[in-house]
Structure formats: structure tokens, C-alpha cells
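Geometric and topological summary
These are the residues of each chain, in order.
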Amino acid sequence: MTPADAAQDAAFMRRALDLARRGWGQTAPNPMVGAVVVRDGEVIAEGFHARFGGPHAEAAALAALPKKGARDAVVYVTLEPCAHHGKTPPCADALIKAKVRRVVIACTDPNPVAAGGIVKLRSAGIEVDVGIEQQAAEELNAPFLRAARRRDRPFITLKLALSAEGAIARADGRQQWLTGPQAKREVHRLRAGADAILVGIGTVLADDPALTVREWPEPRVAPWRLVLDRRARLPLTSQLVKTAREVAVGVLAERPDPSTMAALTAAGVEVSVAPDLGGHLRALRSRGVQHILAEPGDRVATALLEGGFVDRLIIFRTSVPLGPDTLAAVGKVLPPVEGGAGWSVLAEQDLGADRMTIYRNDAPR
Ligand code: AOF
Ligand code: ZN
């Protein structure tokens, strides 16, 4: 294969990844997948997995083909085509039936139920190449891929916004919205792609947040709103409790007061009890939560980082000052990142006046 061929493969796969992203917020607990059908260097059909339970990306692309069909075409797909009869027939069979010449795959499917497409395609005489734009494809579905391999806890993305001084809260513990409109929209996009949003009781008492998705199209399932709240002190007058019957709220407690627990339950809040943070995370994973977006203050952020529970750290650096004595409120949050060891930068982007940096934890627990 010439360098020009390799560059063309990568470009078509990036197109397939762009298509996959259109399923953002709609496919969980299944992955986002995109597919592109190419003949003579030209795209003749495209498709993506638009919604949980709906047609897979390959099936959508094959359904969009012109009359001549896909005979001898090349198909680019961001995940190994499935080999199982699930909600839809196997994509590998559909590609074989369409008589495509070659299938280019970004990453393999770790789901043992669906895997096997590569072997199936090859035994039907179809040329298969795997690993093109693999890193980007794995990043897109990182929570799904982790969930397929490990059951100890969900994938956790920790989002922090920093003031001009590098603080996440004022000295009195109060948080203040620091980021501009573009970064705010990005946070709502991140919420739409998560199964649950997590804060601590301190954030609720200080800010009374709604934690809903407002600046992005509604996800298929609204993310569960979770509060780490040892004693179950969540006020009945909080926005979260008042809207608990519209979008689910969960209190993660350790030693709840029986009477407040009963009142919260009566208000539609689910109170669960576990001995520690790790216990709560394990229980959430076993209930199907693959991806948590944490938007906490200093204490919960520190607990997540020190526990080794953070897979991705997203920092929005702003130029908004919070005042000279705010730095004390940063606590231990930042050193692991600023020190650099164990964290690598995945992406950096300016969003209006704010700078977003995405860090990957190279050795999460
Ligand atoms: C593909 N193409 O577009 C997707 C795949 O529940 P089902 O029957 O829809 O199957 C879901 C599993 O299939 C999912 O967990 C993953 O392993 C794979 N997803 N496979 O060939 C697609 N979304
Ligand atoms: Zn499939």
C-alpha cells in the first residue's frame, strides 16, 4: 500500500467517525458507529447507528446505496461489524451478501456477543484491514469499550473549570459559573453523552444546580443526576428534588438519617447506601451505568482523583478572577495534572475565551 492509499484510508475513516458522532446521546448503552461505502475513490453511500435498537451503521449505509449496489466497493466502518443476530441481523453477513471487495475497520468489538465479524468476512474471501484511525475510534467509545472489559466501576470524566488564579471555587466554597457560552454548550454536550452526572452535596448546597441537558439536543435517556451525600442531607427544597419525578435523582449515602431518607424517597429520590465511594461506583456499574460525568467541587474532585477513579479530566481554563484568597480552595486537585506524570493531553481547543484541555489518565484504577 502506498502512502497515498494509506492517507485516503485515513480520510474515509475520519468521515465515518464524523458520521458516528451524529449518534451522540442516542445510542447508549450501545456504541456510536459510522460507515462509508467507497467505489473508485468516491463515496457512494453513508450511514451511522442513529439510535439504540435501530439499524447498525453498515445496514444504514447499505440501505442508502444507489442501484448498482456495493459489489467490489470498499466499506469503512469505525467498529468491527457484528456477527450476531441481535436486534438486527449480522452486519458481517450483510457485507458478504453485498459482495464488497474490502472492509476497513478502525477498532475491534470487545463485546463477546457481537464480535467475530472480522473472521467471518475473511473466510468469505473479503480483504479486511484493521486499526485505521484506531485511537480516535477507541476514544469516541471509550466508556463502552471499558464497560465491555471491566465491571468494577463506570468510566468517569471529571470536568473542572478554573478561574484566572487556577481555583475551582471561592474561598468560602461557593462555585461560580466561570466559562463562556461556547464552553457551557460543550458541557451540555458532554452531559448528553453521559449516563449520569455526579456532584457532591457541597455543590448542591452552594449552587442548587439543575444538572439537566439544556443547550444540546435531548439525549435518548436523560442522564441520571447523582449526589454524593453521606448523610442524605439533600434539601427537599432543592431544584434537584423538586424535579426528581421528571429526571431521575439519586443520593449516594453512607449513613443516612432514616427520617430524611424516608422524606427523600417519598419525594421521588432514590437513596442508595454503600460503605464508600468505590462501593457506590461498583453498584452503579452493575446497574448499567457506563459513563459518569462528574462536575463537582474541590472535595469530591479530590476524592475521585485520589481514588484513581478518573479516566478523563477536562479542564476549562478561564480568565475570570475569583479573588486573591481563592487559591486555597484548589486543594489537592491540580497537582496530578500540572505535574504531568501519568496524565497525557488528548486534545486542546479554544472555546471562545476559554481553553479546554482533555487529559487522559494513563493508569486509572
Ligand atoms: C455493528 N454496527 O452500528 C453497531 C454495532 O443490541 P444490538 O443487536 O443492536 O447489538 C448491539 C451490539 O452490537 C453492541 O453492543 C456492539 O457490540 C455492536 N454494535 N455493531 O456492527 C453498529 N452499533
Ligand atoms: Zn451490526
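Residues numbered from 1 in each chain as written. Chains lettered and ligands numbered in written order. Predicted model: local features only at pLDDT ≥ 70, side-chain atom pairs only at ≥ 80, totals over all residues.

Structural notes on the UniProt feature "binding site: substrate" (unreviewed entry) in the chain
The test is simple: UniProt positions are given in the numbering used here, feature names are shortened, and annotations may be inferred rather than shown by experiment. Here a residue counts as buried when 20 or more other C-beta atoms fall within 10 Å of its C-beta, as exposed when 12 or fewer do, and as partly exposed in between; the C-beta atoms come from the backbone. Contact between two residues is assigned when their C-beta atoms, built from the backbone, lie within 7 Å. Comment: elements are numbered from the N terminus, with helices defined as DSSP H or I runs of at least four residues and strands as E runs of at least two.
The UniProt record marks Arg191, Thr203, Leu211, Arg214 and Glu295 with the feature "binding site: substrate" (unreviewed entry), using the residue numbering of this structure. Its 24 C-beta neighbours within 10 Å are what place Arg191 among the buried residues. Leave out the neighbours within four places in its chain, and Arg191 touches Ile197, Val213, Pro223 and Leu293. Turning to its location among the elements, Thr203 is positioned in helix H8 (residues 201-207).

Describing the UniProt feature "binding site: Zn(2+)" (unreviewed entry) in the chain
The feature "binding site: Zn(2+)" (unreviewed entry), as annotated in UniProt, sits at His56, Cys82 and Cys91 in this numbering. What stands out for the annotated residues spanning 36 residues is how close their C-alpha atoms remain, the widest pair being 8.9 Å apart. Structurally, His56 can be placed in the loop between strand S2 (42-48) and helix H2 (57-63). Once residues lying within four places of it in the same chain are set aside, the contact partners of His56 are Val33, His49, Cys82, Thr88 and Cys91. By secondary structure assignment, the location of Cys82 is in the loop between strand S3 (74-79) and helix H3 (91-97). Setting aside its immediate chain neighbours within four residues, Cys82 contacts His56, Pro90, Cys91, Ala92, Asp109, Ala114 and Gly117.

Re the nonpolar core
The cut-off we apply is this: Working definition: the nonpolar core is a set of buried Ala, Val, Leu, Ile, Met, Phe, Trp, Tyr and Cys residues, joined through C-beta atoms within 7 Å.
Ala196, Val227, Leu234, Val251 and Leu304 are the most contacted members of the largest nonpolar core, which totals 59 residues. Setting aside residues no more than four positions away along its own chain, Leu234 makes contact with Ile201, Val204, Val227, Asp229, Leu240, Val241, Val251, Leu264 and Val269.

Thoughts on the sheet that holds strand S1 (residues 34-39)
Within a sheet, each strand pairs with its neighbour through backbone hydrogen bonds, oriented either parallel or antiparallel. Spelled out, the test is: Criterion used throughout: strands pair if DSSP finds at least two bridges between them. Here, axes are lines fitted to C-alpha atoms. For helices the fit covers the stretch in contact, and angles between N-to-C directions go from 0 to 180 degrees.
Strand order in the open sheet made by the five strands is S2-S1-S3-S4-S5, with mixed pairing throughout. Each edge of the open sheet is held by one strand with a lone partner, namely S2 and strand S5 (127-130). Between one strand axis and the next, the sheet turns by 15 degrees as a mean value, whatever way the strands run. As judged from the four bridges shared by S1 and S3, these two strands associate in the antiparallel manner. Paired with Val38 across the bridge in S3 is Val74.

Re the environment of Gln26
Within the secondary structure layout, Gln26 lies in the loop between helix H1 (3-21) and S1. When the C-alpha atoms of Gln26 and Pro219 are compared, they prove to be 5.6 Å apart, with 193 residues separating the residues in sequence. Those residues within four positions of Gln26 in sequence are excluded, and the remaining contacts are Ala50, Arg51, Phe52, Pro219 and Arg220.

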